[in-house]
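Remarks on the overall topology
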Amino acid sequence: MTMPTLVKWTIEDYHNMITAGILSQKRVELIAGEIMKMTPEKPFHRRVTFKLADYFREKLRGKAIILRHIRLCFLILNLNQILS
């Protein structure tokens, strides 16, 4: 039996839990206000995200920084946002 969600978490709540260490060592993500357990990354997914990150690095060279992280497939940061 599935329990209904009593509280919808905000992005701020989620980030505060990460900062406080509550979610350390847990593979979770925030989806529609609910903290959901992430399934393990499979080899195919890993290859695709590496290839996508490489593609975006090439296409956006000098315009953005492309990072590939275990918890985040890739994060695109605009250099203007970083420097301002």
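Heads up: the structure comes first, above all this text.
All figures in this text were calculated on a predicted structure; none of them were measured in a lab.

About the criteria used
- Residues numbered from 1 in each chain as written.
- Predicted model: local features only at pLDDT ≥ 70, side-chain atom pairs only at ≥ 80, totals over all residues.
- Heavy atoms only, no water.
- Helix = DSSP H or I, 4+ residues; strand = E, 2+ residues; numbered from the N terminus.
- Buried < 20%, exposed > 50% of the residue type's maximum accessible area, 1.4 Å probe, protein only.
- Contact = heavy atoms within 4.5 Å.
- Areas by Shrake-Rupley, 256 points an atom, 1.4 Å probe, with all protein chains shown as cover.

**A closer look at the overall build of the protein**
In terms of helices and strands, the protein carries three helices and four strands. Going from N to C terminus, the protein has its helices and strands arranged as α-β-β-α-β-β-α. Relative to its full complement of 84 residues, the protein shows a buried share of 13%. Of the contacts made within the protein by residues no fewer than 6 positions apart, 24% connect residues no fewer than 24 positions apart. Per element, the accessible surface of the protein, about 7,200 Å² overall, is 63% carbon and sulfur.

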